[in-house]
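# Summary of the model geometry
Chain residues, written in single-letter form:
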Amino acid sequence: MKPRILVATLAALFALQAGGVGAAPSKPQTTTKAAATKPAATAKASTATKPKAAVKPRAAAKPAPKKATANKAVAKKAVAKQMKVNLRKPGAAAAAAAPAAALGEEQDSPLTLDANGLPVLGSSAFYVINQNTGEVLLERNAATVLPIASITKLMTAIVVLEAGQSLSEPLTITEGDIDRLKGTGSRLGLGTTLTREQMLHLALMSSENRAASALGRNYPGGEQAFVSAMNVKARLLGLWNTRFHDSTGLNPANVSSPQDLAKLVAASASYPLIREFSTSHERYVDVRGRSLRFGNTNGLVRSPEWAISVSKTGYISEAGRCLVMQTWLHQQPVVMVLMDSSGRYTRTADAKRVRKWLEQSTAQRVAIAPQRAGG
């Protein structure tokens, strides 16, 4: 019995050993599988957790540099744009900056005199004369021919008034009155109908281009005949350096000299309506059902310190900023012509400087002529 038991035991042991050897390959496979999976899970976990904790600050920090970079780019773009605007016309910008720095942009700049005791002005050409005596009080480049912009409208008004057309006749703004040369806008839209008197008022007071165009277009014979009449009147007034090509002044071919413009201002002063309309402060006009306010382009007419009988401003890029006036000093009519000034307020400041200079330094020359009433 013992041998049998021994054999059975050996057989059982052999079977057990065989089963253990058979099971061993599967376990390593499972372990290998787990080992292959677990590192992945560990990697996943490390990517999902640890890097997240490490990445979170980066994620929070990354947008800040991007924003800063974006802001930097925007700032650079803005600076580049500003430089482009400033450097578009370096010559003109430099020329404008010099008088502005020297004379100041404010309208109440102090009076500065040159070595000869004459006022330093920002206008490149000017002419100041006592209209009664003909004495030239101040001048520079007085015979130089320059574009005159909307100073043109003084001649427009003279031709309209001398034509004897009804001032109550309604005129309508049409396509022909739109500025296709300079692209300027207007509150007088297409189809706006105003009387000739209203159009004349807005042209002189507010320098309304469409109003001036409508006045010329509705002249007998049309715009071409109107421009011809302007040039004929210029010759009759002795304006030998003056040429007109339209009724608005938007055309830079409308030219004159300060001396000629002084004659034009003096002639304009003989028309009561030109005196009234060019110096009125404001006017409310019904434009297609709406009451619109139009103001004077020369702020000096609202000042109680000034007695202005005729006034007209002008501006296009070729002409610079211009101002012509007949004003009264020591009860004498003084004509001021200021052309091609730089800066928004320079022409007005120049007028104030001239007046100060006349009152302080040469008032006696203004008062030489016999006094006479006028306005």
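Look a little higher up for the structure.
Quantities reported herein were computed from a predicted structural model and do not represent experimental measurements. (Residues numbered from 1 in each chain as written. Predicted model: local features only at pLDDT ≥ 70, side-chain atom pairs only at ≥ 80, totals over all residues. Heavy atoms only, no water.)

## Some words on the packing of helix α6 (residues 196–205) against helix α10 (residues 272–279)
Let me state the cut-off plainly: To obtain an axis, a line is fitted to C-alpha atoms, over the contacting stretch when the element is a helix, and the angle between two such axes runs from 0 to 180 degrees between their N-to-C directions. Helix and strand labels come from DSSP, where a helix needs a run of H or I of at least four residues and a strand needs a run of E of at least two; each type is numbered from the N terminus. When describing relative orientation, an angle under 35 degrees is termed roughly parallel and one over 145 degrees roughly antiparallel, while 65 to 115 degrees is termed roughly perpendicular and anything else oblique. Note: crossing handedness is left-handed where the near helix turns anticlockwise from the far helix by less than a right angle, and right-handed where it turns clockwise. In this analysis, two residues are considered to be in contact whenever any of their non-hydrogen atoms come within 4.5 Å of each other. When residues are grouped by polarity, Ala, Val, Leu, Ile, Met, Phe, Trp, Tyr, Cys and Pro land in nonpolar, Asp, Glu, Lys and Arg in charged, and all others, Gly among them, in polar.
Taken N-terminus to C-terminus, the directions of α6 and α10 make an angle of 60°; their axes are 7 Å apart at the nearest point. One element, α6, and the other, α10, form an angle in the oblique class. Handedness of the α6/α10 crossing: right-handed. The residues of α10 that touch α6, namely those facing E197, L200, H201, L204 and M205, are I274, F277 and S278. For the contact of α6 with α10, a count of residues per class yields 5 nonpolar, 2 polar and 1 charged.

## Quick notes on the sheet that holds strand β11 (residues 332–341)
Condition: Only strands that DSSP links by at least two bridges are regarded as paired with each other.
Spatially, 5 strands are ordered β2-β1-β11-β10-β9 in an open sheet, and the strand pairing comes out antiparallel. A single partner strand is all that each edge strand has here, and the edge strands are β2 (136–140) and β9 (308–316). When strand polarity is set aside, the average angle formed by the axes of neighbouring strands in this sheet is 10°. Note: strand β1 (residues 123–130) against β11, 7 bridges, orientation antiparallel. When the sheet's bridge partners are listed, V128 is paired in β11 with M336. Sitting on the sheet, helix α11 (residues 346–360) touches β1, β2, β9, β10 (320–329) and β11, and the angle it makes with β11 is about 140°.

## Points about the environment of S311
Positionally, S311 belongs in strand β9. With near-sequence residues (within four places) excluded, S311 lies in contact with S278, T279, N298, V301, L323, V324 and M325.

## Focus: the side chain of N130
As a reminder of what qualifies: Summary of the burial criterion: residues with accessible area below 20% of their type's maximum are buried, those above 50% are exposed, and those between are partly exposed, where the area comes from a 1.4 Å probe applied to protein chains only. Think of a polar contact as two N or O atoms within 3.5 Å of one another; within protein, one of them needs to be a possible hydrogen donor and the other a possible acceptor, and neighboring residues in sequence only count if both atoms come from side chains.
With respect to the helices and strands, N130 occurs in strand β1. Among the residues examined, N130 registers a relative accessible area of 0% and is labelled buried. Looking at N130, its side chain comes within polar contact range of the main-chain nitrogen of N132, at 2.9 Å.

## Describing the nonpolar core
To keep it simple, the criterion reads: Among buried residues, the Ala, Val, Leu, Ile, Met, Phe, Trp, Tyr and Cys ones that are joined through side-chain atoms within 4.5 Å form a nonpolar core.
Ranked by size, the top nonpolar core spans 56 residues in total, and within it L154 and M155 carry the most contacts. Counting 19 residues, the second largest nonpolar core, distinct from the first, contains W306, L323, M336 and A351.

## What about the packing of aromatic side chains?
Threshold: Two aromatic rings from Phe, Tyr or Trp, using only the six-membered ring of Trp, form a pair when their centres are within 6.5 Å; if the ring planes differ by under 30 degrees the pair is stacked, by over 60 it is edge-to-face, and anything between is tilted. We call a charge positioned over a ring when the NZ of a Lys or the CZ of an Arg lies within 6 Å of the ring centre and within 35 degrees of the ring normal.
The tally for this structure, following the rule as stated, stands at 1 aromatic pair. With a centroid separation of 5.1 Å and 80° between ring planes, the pair formed by Y219 and F226 is classed as edge-to-face. Of the residues examined, Y219 reaches a relative accessible area of 17% and is grouped as buried. Just above the ring of Y315 sits the side chain of R321; from NZ or CZ to the centre is 4.4 Å. Over the face of the ring belonging to W306 we find R355, whose NZ or CZ atom lies 5.0 Å from the ring centre.

## Topic: the side chain of S207
Tracing the chain through its elements places S207 in the loop between α6 and α7 (209–217). Overall, the relative accessible area of 14% leaves S207 in the buried class. Among all residues touching S207, those that are not within four sequence positions of it are S150, K153, L202, T297, K312 and T313.

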